[in-house]
Amino acid sequence: MTPHENVPPAPDRAPKDRSMQLQKDMIAEHFRRLEQAPETHEPVVYTFVPGNLTELVRSFGALPLLPEINALQSGMRGMSRKYIAEAEKAGHSEDVCTYVKCDIGMIKSGNIGPTGTRLPKPDLLLLSYTGCYTFMKWFELLREEYDCPAVFLHVPYQSDGRLAPEHRQYIVDQIRDKVIPALEQVTGRPYDEEKLRELLGHSRDAEDDLVAVFESAKRRPSPIDAYFGAVYYVGPIFSAFRGTPEGVAYYRALRAEVEARIAAGAGPITPSGQLDDQKYRLVVEGPPNWTSFHEFWQMFSDEGAVCVASTYTKVGGTYDFGFRHDPSDPLGTLADYCGGCYTNLSLPQRIDMLADYVREYAADGFLINSVKSCNSFSAGQLLILREVEKRTGIPGAFVESDLVDPRYFSAANIKNRLESYIQMLAARRIGSSAGGAA
Amino acid sequence: MTSRAAIVDRALALYEDLDFGSVRAWCAEEGRKAAGYLPVYAPREIIHAVGMLPVGIHGGRDRLEIIRGDAFFQSYICHLPRSVIELLQSGRLDMLSAMLFPSTCDVIRNLSGMWQVLRPNLYTRYCDVPQVLEAGTGGRFWRQELETLLHGLAEVAGVTPDVEALRRSNAVYNEVRQVIRALYAARRDTPWRLPTEELYLVLRAGEVLPPEAFLQMARDYLAATAADDARPRDRVRVIVAGAFCEQPPLGLIKTIERAGCYIVDDDFLLGNRLLTADVPLDGDPLSALADTFLRHAMPSSILYEHAPDGKKRLMAQRVADARADGIIFAAPSFCDPALLDRPMLRAGAEAADIPCIAFQYSENTGQFQQFREQAGTFSDSIKLWGGQA
Ligand code: SF4
Ligand code: SF4
């Protein structure tokens, strides 16, 4: 979701937000360092977005690199079709997660990353097994490509709707006894708890600002789009910049911009221009499609629909329910963080979250974008749809696409469904105001 | 001793009964309860130790018309969960007092939450098996999970958790695994005497019968096959890999065999033999069960492979152990664990010059022509060229 070259949509590009420029510069610098890592000997740690231990990795002076981000960027840059074909040619099934195939295909095609530079090999594969089974296979597959150590962090699933104390302890024990020694080994540095605390403090500060940005969508008009727009906002905190001063500066700037839009009564910039006249407020569940990201977004903005909350923007942490990284308990807070990422939540928790969003953000409707690739999100979504409808009394919409496989994005189909859904919301509105008047 | 034909008939009847009549009959007696579990590995010892009947829920095969299940799952999700939901929503699982969901994949994981929503009053438990093998971390975690499960199920059963009862259950399931190992060894050594279509049915009976009854059946079957005077045929020896969760239709197993293959190893119903060693019967039974998992769980797609060359070596090792000529990778459509593993396993096998073919099925596949041709060609090519064609 880190946009980099793919800064939002064409129409209002000219007065680029300061935060956008900041993010672009941060990412360019990060990839420059990654490219030079073989010469500078900065250690590189591959890991996943959910349950990433960025502060810990950075406290060892290592650079995080996230294959999911590379995959989605490849999708946005129009490269994923070729990469997926490459992986399928090498024997990967059509039926599995396309992020994995996109990544494998990228490696097989020379490992040129999102910024057009060659990505370094990992010094360590840090497999944070959080909220997705595929992660386990993904790093087993990457281990076949690279001759480097791998360390496994098992984050138990919150099947009972909470992170049990013994599960929290299990995660802490693994971080202390396995992950830290592995990082010490590959970086040649000892664990520095004071440094980690300092970085966790930065995380907390950035998280405060991010939550303020998310919650701004409770206003009318909403100054942000909390799904399409917000995938840019979460870019730094989901990837390499949680716990860094650059991350703090980015979120401060972003919050200031959003506050300025609030003061001006302005809506977000969308592919259809600045969306001040917001006719419909939607909550969205599921990851976006990346190969036709702007086209997908435009279908919403053309209808005057703004997304006011989304679950996808919580895969890298559910800060809006109160969690903040806590420097006073460094390993415990990392465990809490890992346990609470969205896809690690039970289905009833996900239903609660969506129903809460619909109510708290005064949404007119909610939409599920079910992606073929991802069982972690998709299995159970039809029940989620029904339950959220039951709880909120609002009918939901269901569309299907994929993350990075363009073969599964049918624009006409999705547009039809969305238009019919919006028409239905409009009819309900007329119906309820007529009912109210009667 | 019951005759072989009678055993197989009984096993077939149990397999075909989608209403779980034998389980219902068992539960009909005063105070008896049953707990279901999904694939792959659930600690059945714990269910047994609280006096409940462990019941393997393996979907509805091709016999169950999916009326409600499709409304719960998109077309790109495997078949198993929709037929399991169909069983649930049609009332066929109403006799269960608890349901366990092993950490096999995200589909089964999310299904645990669906169950919580659809049956809020039923005891459900997600069995998050340890992926970390150190006793201090993984061992402590898994022992605690087992203890929580023991207490939870004891409450459902209305009994006091009793570690001595668990010790007895550990012993019973040691015997179950021993007889299954003996059956697998007999099939490996004399596959002409133990067609997999029969062996599979006997093992399926073990998913619904009390373990004591299954032991009797399995021992009788083993004895009957030992007395068989069938002669070996000119068939190739294959391993069927990848079918550990959603089960292949019986027709597919028969098709592979009739296409000229002896199945000499497989992943079917893998949970019943995932532990490859006996659980020690001295000391704390919970720790013993947990520790046996950590030390002796069979490598499989549901567990992280800690050894960097583990995936590469695995199939060559299995082929050597089973003295197989080739491998049929048979995975359920849309099955992440099997399909993501396949390129690694196949590359390792092919590097060792082991002939391989691959196909996908679903539990309700009813047409086997294409599999017959594939398996037939595979078997012919091995016979002619040693599989190097
Ligand atoms: S299955 Fe879903 S959560 Fe897992 S890696 Fe693929 S896209 Fe990400
Ligand atoms: S068949 Fe595969 S994807 Fe489906 S539930 Fe079983 S393990 Fe999961």
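Residues numbered from 1 in each chain as written. Chains lettered and ligands numbered in written order. Predicted model: local features only at pLDDT ≥ 70, side-chain atom pairs only at ≥ 80, totals over all residues. Heavy atoms only, no water.

1. Looking at the interface of chain A and chain B
Quick note on the threshold: Only heavy atoms enter the contact rule, under which two residues are in contact if any of them lie within 4.5 Å. Accessible area that two parts lose when put together, with a 1.4 Å probe and added across both, is what the buried area reports. We define a salt bridge as a contact between a side-chain nitrogen of Lys or Arg and a carboxyl oxygen of Asp or Glu at a distance within 4 Å. As used in this structure description, the phrase polar contact means that two N or O atoms lie within 3.5 Å; if the pair is within protein, one of them must be able to donate a hydrogen and the other to accept it, and residues adjacent in sequence are counted only when both atoms belong to side chains. Just so you know the grouping, Ala, Val, Leu, Ile, Met, Phe, Trp, Tyr, Cys and Pro go in nonpolar, Asp, Glu, Lys and Arg go in charged, and all remaining residues, Gly too, go in polar.
The interface of chain A with chain B comprises 54 residues on the first partner and 55 residues on the second. For the pairing of chain A and chain B, the buried interface totals around 4,600 Å² over both sides, and the portion due to carbon and sulfur atoms is 57%. Three residues, Tyr133, Arg143 and Asn375 of chain A, lead the burial of chain A against chain B; their summed loss comes to 14% of the area buried on that side. Summed over the shared surface of chain A and chain B, the number is four salt bridges. We note a salt bridge from Asp173 of chain A to Arg140 of chain B, for which the minimum N-O separation is 2.7 Å. Here chain A is connected to chain B by 30 residue pairs in polar contact (both at pLDDT 80 or more). By residue class, the composition of the side of chain A that touches chain B is 22 nonpolar, 17 polar and 15 charged.

2. Observations regarding the site of ligand 2
Residues and elements named next belong to chain B. Quick note on the threshold: If even one non-hydrogen atom of a residue comes within 4 Å of a molecule or strand, that residue is called near it. Helix and strand definitions here come from DSSP, where helices need a minimum of 4 consecutive H or I residues and strands a minimum of 2 consecutive E residues; each element is numbered from the N-terminal end.
As a matter of local geometry, ligand 2 sits amid Cys78, Thr104, Cys105, Val107, Ile108, Cys245, Glu246, Pro332, Phe334, Cys335, Asp336 and Pro337. Mapped by element, the contributors of at least two residues to the shell around ligand 2 are helix H5 (106–118) and helix H13 (336–351). Looking at the shell around ligand 2, its residues break down into nine nonpolar, one polar and two charged.

3. A closer look at unusual backbone geometry
Cut-off, in case you're wondering: Partly exposed residues are those whose accessible area sits between 20% and 50% of the maximum for their type, while under 20% is buried and over 50% is exposed, using a 1.4 Å probe and protein chains only.
A cis amide bond, omega -5°, links Arg220 of chain A with the succeeding residue Pro221 of chain A. Structurally, Pro221 of chain A can be placed in the loop between helix H8 (193–215) and helix H9 (228–233). Residue Val40 of chain B is reached from Pro39 of chain B by a cis peptide bond, and omega for that bond is 10°. Backbone geometry places Asn111 of chain A, a non-glycine residue, at a positive phi of 60°. Relative to the elements of secondary structure, Asn111 of chain A occurs in the loop between helix H5 (98–108) and strand S3 (124–129). Positive phi is not limited to glycine here, since Asp353 of chain B has a value of about 60°. Take Asp353 of chain B: its relative accessible area is 56%, and that puts it in the exposed class.

4. Thoughts on the site of ligand 1
Surveying the vicinity of ligand 1 reveals the residues Cys97, Tyr99, Cys132, Thr134, Phe135, Trp138, Cys374 and Leu403 of chain A. Counting residues per element, the shell around ligand 1 draws most heavily on helix H6 (residues 134–145) of chain A, which supplies three residues.

5. Remarks on the sheet that holds strand S6 (residues 261–266) of chain B
Residue and element names in this part refer to chain B. Keep this limit in mind: Criterion used throughout: strands pair if DSSP finds at least two bridges between them. Here an axis means a line fitted to C-alpha atoms, over the contact stretch when the element is a helix, while the angle between two N-to-C directions is reported on a 0 to 180 degree scale.
The parallel open sheet is built from four strands, whose spatial order is S6-S5-S7-S8. Both edges of this open sheet fall to S6 and strand S8 (356–361), since each of them pairs with a single strand only. When strand polarity is set aside, the average angle formed by the axes of neighbouring strands in this sheet is 30°. Here strand S5 (residues 236–241) pairs with S6 via five bridges, running parallel. Bridge pairing in S6 places Val236 opposite Cys261. Along the sheet face, helix H10 (residues 250–258) touches S5, S6, strand S7 (326–332) and S8 and points at about 125° away from the line of S6.

6. Some thoughts on helix H8 (residues 196–205) of chain B
Residue and element names in this part refer to chain B. The element H8 is largely enclosed, with a buried count of ten among its ten residues. Taken residue by residue, H8 has Thr196, Glu197, Glu198, Leu199, Tyr200, Leu201, Val202, Leu203, Arg204 and Ala205 as its buried positions. Summarising the contacts, the buried residues of H8 are in contact with helix H1 (4–16), helix H7 (163–189), helix H9 (211–226), H10 and S6.

7. Some details on the pattern of salt bridges
Per the stated rule, a full pass over the model turns up 59 salt bridges over all chains. Here Glu194 of chain A makes a salt bridge to Arg197 of chain A, at a shortest N to O gap of 3.2 Å. Within this pair, Glu194 of chain A and its partner Arg197 of chain A are both found in helix H8, separated by three residues, close to a single helical turn. A salt bridge links Arg323 of chain B to Asp189 of chain B; the shortest N-O distance between them is 2.9 Å. Residue Arg323 of chain B is found in the loop between helix H12 (310–322) and S7, and its partner Asp189 of chain B is found in helix H7; the two are separated by 134 residues along the sequence. For Arg323 of chain B, a relative accessible area of 44% gives the class partly exposed. One network of salt bridges, with partners in common, ties together Glu88, Lys101, Asp405 and Arg407 of chain A.

8. Describing the environment of Ala135 of chain B
Residue and element names in this part refer to chain B. Tracing the backbone shows Ala135 in helix H6 (residues 135–157). Since its relative accessible area comes to 55%, Ala135 is described here as exposed. Sequence separation between Ala135 and Tyr123 is twelve residues, and the spatial gap between their C-alpha atoms is 29 Å. Setting aside residues no more than four positions away along its own chain, Ala135 makes contact with Arg140 and Leu294.

9. Focus on helix H11 (residues 245–264) of chain A
Residues and elements named next belong to chain A. Short version of the rule: What a helix is expected to span follows from its residue count: subtract one and scale by 1.5 Å.
The end-to-end C-alpha separation of H11 is 29 Å, in line with the 28 Å expected for 20 residues at 1.5 Å each. When H11 is considered as a whole, its buried residues turn out to be Gly247, Val248, Tyr250, Tyr251, Ala253, Leu254, Glu257, Val258 and Arg261. Those residues of H11 that are buried are in contact with helix H1 (18–40), H8, H9 and helix H10 (235–238). Looking one or two residues past H11, Gly265 carries a phi angle of roughly 65°, positive in sign.

10. Things to note about the packing of helix H7 (residues 165–187) of chain A against H6 of chain B
Spelled out, the test is: Throughout, the term roughly parallel applies to angles under 35 degrees, roughly antiparallel to angles over 145, roughly perpendicular to angles from 65 to 115, and oblique to all others.
Where H7 of chain A contacts H6 of chain B, the axes come no closer than 10 Å and their chain directions differ by 170°. What the angle tells us is that H7 of chain A and H6 of chain B run roughly antiparallel. Note on element contacts: H6 of chain B touches H7 of chain A through Thr137, Gly138, Arg140, Phe141, Gln144, Glu145 and Thr148 of chain B, opposite Glu166, His167, Tyr170, Asp173, Gln174 and Asp177 of chain A. Of the residues belonging to the contact of H7 of chain A with H6 of chain B, the class tally is two nonpolar, six polar and five charged.

11. Here's the deal with the sheet that holds S3 of chain A
Residues and elements named next belong to chain A. Across the sheet, which stays open at both edges, the four strands sit in the order S2-S1-S3-S4 with parallel pairing between neighbours. Among the strands making up the open sheet, the edge pair consists of strand S2 (63–65) and strand S4 (150–154). Sheet twist, expressed as the average angle between the axes of neighbouring strands with direction ignored, equals 25°. Here strand S1 (residues 44–46) runs beside S3; their pairing, made up of two bridges, is parallel. Directly across from Val45, in S3, lies its bridge partner Leu124. Against the sheet, H6 touches S1, S3 and S4, its axis set at about 165° to S3.

12. Some details on the pairing of S6 of chain B
Heads up, the rule is: By convention, a crossover is right-handed whenever its connection, traced from the first strand over the helix to the second and viewed with the strands pointing away, goes clockwise.
Burial within S6 of chain B is extensive, with six of its six residues counted as buried. With H10 of chain B bridging S5 of chain B and its parallel neighbour S6 of chain B, the resulting β-α-β unit is right-handed.

13. Regarding the environment of Leu345 of chain B
Residue and element names in this part refer to chain B. By secondary structure assignment, the location of Leu345 is in helix H13. Among the residues examined, Leu345 registers a relative accessible area of 8% and is labelled buried. Taking C-alpha positions, Leu345 is 35 Å from His48, a pair spaced 297 residues apart along the chain. In this structure Leu345 touches Lys311, Leu314, Met315 and Phe329, once residues within four positions along its chain are discounted.

14. Overview of the packing of aromatic side chains
To keep things clear, this is the line we draw: Ring geometry is summarised as follows: Phe, Tyr and Trp rings, the Trp one being its six-membered ring, pair when their centres sit within 6.5 Å, and such pairs are stacked at plane angles under 30 degrees, edge-to-face over 60 and tilted between the two. Remark: a charge is flagged as sitting over a ring if the NZ atom of Lys or the CZ atom of Arg is within 6 Å of the ring centre and within 35 degrees of the ring normal.
As enumerated under the stated definition, the model contains 36 aromatic pairs over all chains in all. Relative to Phe139 of chain A, the ring of Phe48 of chain A has its centre 4.3 Å away and its plane inclined at 35°; by these criteria the two rings are tilted. Taken together, the residues span a long stretch of sequence, with Phe48 of chain A in the loop between S1 and helix H2 (54–59) and Phe139 of chain A in helix H6 at a distance of 91 residues. A centroid spacing of 4.0 Å and a plane angle of 10° characterise the contact between Tyr170 of chain A and Phe141 of chain B, whose relative ring orientation is stacked. One end of the pair, Tyr170 of chain A, is in helix H7; the other, Phe141 of chain B, is in helix H6, on a second chain. Neither Tyr170 of chain A nor Phe141 of chain B differs from the other in exposure class; each is buried. Aromatic rings pair up to connect Tyr227, Phe228, Tyr232, Trp290, Phe293, Phe296, Trp297, Phe300, Tyr312, Tyr342, Phe377 and Phe409 of chain A into one cluster. Cation over ring: Arg386 of chain A sits above Phe72 of chain B, and NZ or CZ is 4.3 Å from the ring centre. Stacked on the ring of Tyr15 of chain B, the Lys or Arg Arg61 of chain B has its end atom at 4.4 Å from the ring centre.

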